[in-house]
Amino acid sequence: MKYLLSPITIDSTTYPNRLVMAPMTRNRAPEGIPTALMAKYYGQRASAGLIITEGAQISQQAVGYPATPGIYSDAHIAGWQSVTQAVHQKGGHIFCQLWHCGRVSHPDYHEGNLPVAPSAVQPQGQAFTYEGLKDFVTPRALKLEEIPQIIEQYRHAAACAIQAGFDGIEIHAANGYLLDQFLRSGSNNRDDIYGGSIENRARLLQEVCAAVCNEIGAKNVGVRISPVNTFNDMHDANPQSLFNHVANMLSPMGINYLHVVEVDMTGNTDTSVDMQQIHQHFNGHYIANGSYTKESGDNTIAAGDADMVAYGIPYLANPDLVERFQKNSPLNEADQSTFYGGDEHGYTDYPTLKENT
Ligand code: PHB
């Protein structure tokens, strides 16, 4: 029988347990450069089977939030090297999440120019800027001839991640950011080969994956999707068919894992998509994410419904989540007021079990 705390071997790598630290934006990288404090934070969580970093923008065009890290310049690489070293020194594994915000960015990040998107469809809601919340704008639709530059940004960022010492990368195709905007019909009304049919809407993700796999090897690549998430004003006419197709499309590429946000981050409960259908269409490893507890994570793995389970907020507040699960110990509560931005408070000062007593 397999459990959350049993090891898993993927290709030649053995992960000591099946807990994944989910990617979480923490806005503590001034000028986009990862800091020593970030190295401490990730190092504290190195007992996870796998850490996936917060989203790291793949270019200046990709930025959409204050003080998020980049992964496209020498300075970014040098900053991330201290993070990967801190995790590896403790025997951990860490993938870098590659992020392009697309339409939910704001002109403030682009010298007054519009953010880019598949189509000029304005999302409802507000962008986080250095001057506070501002209404989302109507983005500029990418021209067909600009698409190769987007693919190149992902390829370059993946190469930078490997240079920074990461064990692999996760392509962020979830939560209403650029690749998800292409995937879903509510944000993509293009009439070229990147819009219209499901195959066309999934084409950019396919081409990005192909370029990145070619650059760093498919076993070092994961993809994150969020079939029912309406966060960032996302909608799709037929999410089951769309994401079954995505899983089918990614299978022959041999990518390491498909990481599925199974919930709607806005709190709606949408049961219109059967995640296990998506799982069945995918022949790699499946990472489940969304409100799992130790017990439900264990049950999901024991049932064969997932290979690993990703924990977000519990990992943020419990650097030693693995040990706490091993001992069935109580968990620290997360403090929402310190999630985004700030210093070590609410970041590297959550106590371990030893420090709790
Ligand atoms: C956020 O900053 O709220 C955020 C960032 C990336 C995600 C989801 C949410 O994938």
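Residues numbered from 1 in each chain as written. Predicted model: local features only at pLDDT ≥ 70, side-chain atom pairs only at ≥ 80, totals over all residues. Heavy atoms only, no water.

(A) Inspection of the overall build of the protein chain at higher detail. Of regular secondary structure, the protein chain possesses 12 helices and 14 strands. Relative to a compact globule of 357 residues, whose C-alpha radius of gyration would be 21 Å, the protein chain shows 19 Å and is just as compact. Taking all 357 residues of the protein chain together, 60% fall into the buried category. Taking the contacts inside the protein chain whose residues are at least 6 apart along the sequence as the reference set, 72% of them involve residues at least 24 apart. Accessible surface, the protein chain: about 13,900 Å² in total, of which carbon and sulfur atoms supply 50%. One way to put it: in the protein chain the 22 positive side-chain charges average out to a point 4 Å from where the 37 negative ones average out. (Helix = DSSP H or I, 4+ residues; strand = E, 2+ residues; numbered from the N terminus. Rg over C-alpha atoms; globule rule 2.2 N^0.38 Å. Buried < 20%, exposed > 50% of the residue type's maximum accessible area, 1.4 Å probe, protein only. Contact = heavy atoms within 4.5 Å. Areas by Shrake-Rupley, 256 points an atom, 1.4 Å probe, with all protein chains shown as cover. Lys, Arg positive; Asp, Glu negative; His and termini not counted. Charge placed at Lys NZ, Arg CZ, Asp CG, Glu CD.)

(B) How the structure looks around the layout of surface pockets. Approximately 1,000 Å³ is the volume found for the largest pocket. When residues of the lining of the largest pocket are traced back to their parent elements, those giving at least two are strand 4 (50-57), strand 5 (94-99), strand 14 (308-311) and helix 10 (313-317). Its residues assigned to classes, the lining of the largest pocket comprises 20 nonpolar, 12 polar and 4 charged. A volume near 210 Å³ is recorded for the second largest pocket. (1 Å grid on protein atoms, 1.4 Å probe; cavity = no way out; pocket = protein on both sides within 12 Å on 5 of 7 lines; lining within 4 Å. Points joined across faces, edges and corners; volume = space filled by probe spheres on them. Nonpolar A, V, L, I, M, F, W, Y, C, P; charged D, E, K, R; others polar.)

(C) Local environment of the packing of helix 3 (residues 147-163) against helix 6 (residues 203-216). For the pair helix 3 and helix 6, the least separation of the axes is 9 Å and the interaxial angle reads 35 degrees. Considering how the two elements wind past one another, helix 3 and helix 6 form a crossing that is right-handed. When helix 3 is examined against helix 6, the residues Ile 147, Ile 150, Ile 151, Tyr 154, Arg 155, Ala 158, Ala 159 and Ile 162 are found in contact with a partner set consisting of Leu 204, Glu 207, Val 208, Ala 211, Val 212, Glu 215 and Ile 216. Along the lines of polarity and charge, the residues of the contact of helix 3 with helix 6 split into 12 nonpolar, no polar and 3 charged. (Axes fitted to C-alpha atoms, helices over the stretch in contact; angles between N-to-C directions. Left-handed = near helix turned anticlockwise from the far one by under 90°.)

(D) View of empty space enclosed by the protein. Across all of its chains, the model carries 1 cavity of 30 Å³ or more by this definition. Considering only enclosed or pocket space, the largest cavity measures out at about 30 Å³ in volume. In this structure, the largest cavity is lined by Ile 10, Tyr 15, Leu 50, Phe 95, Asn 256, Tyr 257, His 285, Ile 287 and Met 308. Partitioned by chemical class, the residues of the lining of the largest cavity number 7 nonpolar, 2 polar and no charged.

(E) Representation of the pairing of strand 13 (residues 285-289). Counting buried positions along strand 13 yields 4 of 5 residues, so the element is predominantly enclosed. Of the pairings in the sheet, the one linking strand 12 (residues 257-261) to strand 13 comprises 5 bridges and is parallel in character. Across the sheet, the residue bridging to Val 260 is Ala 288, located in strand 13. Of the strand pairs in this sheet, strand 13 and strand 14 are connected by 3 bridges, and their pairing is parallel. (Pairing = 2+ DSSP bridges.)

(F) Fine view of the nonpolar core. By size, the foremost hydrophobic cluster in this structure holds 88 residues, and its most contacted members are Ile 71, Ile 169, Ile 171, Leu 205 and Val 223. Among residues more than four places away in sequence, those in contact with Ile 171 are Leu 98, Tyr 154, Leu 179, Leu 205, Val 208, Cys 209, Val 212, Val 221, Gly 222, Val 223 and Arg 224. (Core = buried A, V, L, I, M, F, W, Y, C linked by side-chain atoms within 4.5 Å.)

(G) Quick look at the state of the cysteines. Under the definition given, this model contains 0 disulfides. There is no disulfide at Cys 96, and the cysteine sulfur nearest it, in Cys 160, is 9.5 Å away. Left unpaired, Cys 101 is separated from the closest cysteine sulfur, that of Cys 96, by 14 Å. Here Cys 101 falls in the buried class, since its relative accessible area comes to 1%. (Disulfide = S-S within 2.5 Å.)

(H) Representation of the sheet that holds strand 13 in the model. One closed barrel accounts for 8 strands, arranged 3-4-5-10-11-12-13-14; its pairing is parallel. Neighbour-to-neighbour, the strand axes of the sheet open up by a mean angle of 25 degrees, direction not taken into account. On the sheet, helix 1 (residues 36-44) packs against strand 3 (19-21), strand 4 and strand 5 and is oriented at approximately 150 degrees with respect to strand 4.

(I) Spatial organisation of the site of the ligand. Taken together, Thr 25, Tyr 65, Trp 99, His 172, Asn 175, Tyr 177, Phe 231, Met 265 and Tyr 340 form the complete shell of residues around the ligand. At 2.7 Å from an oxygen atom of the ligand is found a side-chain nitrogen or oxygen belonging to His 172. A distance of 2.7 Å is found between an oxygen atom of the ligand and a side-chain nitrogen or oxygen belonging to Asn 175. Here the ligand has 280 Å² of accessible area as a free molecule, and 86% of this is covered by the chains. The pocket occupied by the ligand, as judged from atoms lying within 2 Å of grid points, is the largest pocket. Taken together, the residues of the shell around the ligand sort by class into 6 nonpolar, 3 polar and no charged. (Near = heavy atom within 4 Å. Polar contact = N/O pair within 3.5 Å; in protein donor to acceptor, adjacent residues only side chain to side chain. Sits in = over half its atoms within 2 Å of the grid points.)

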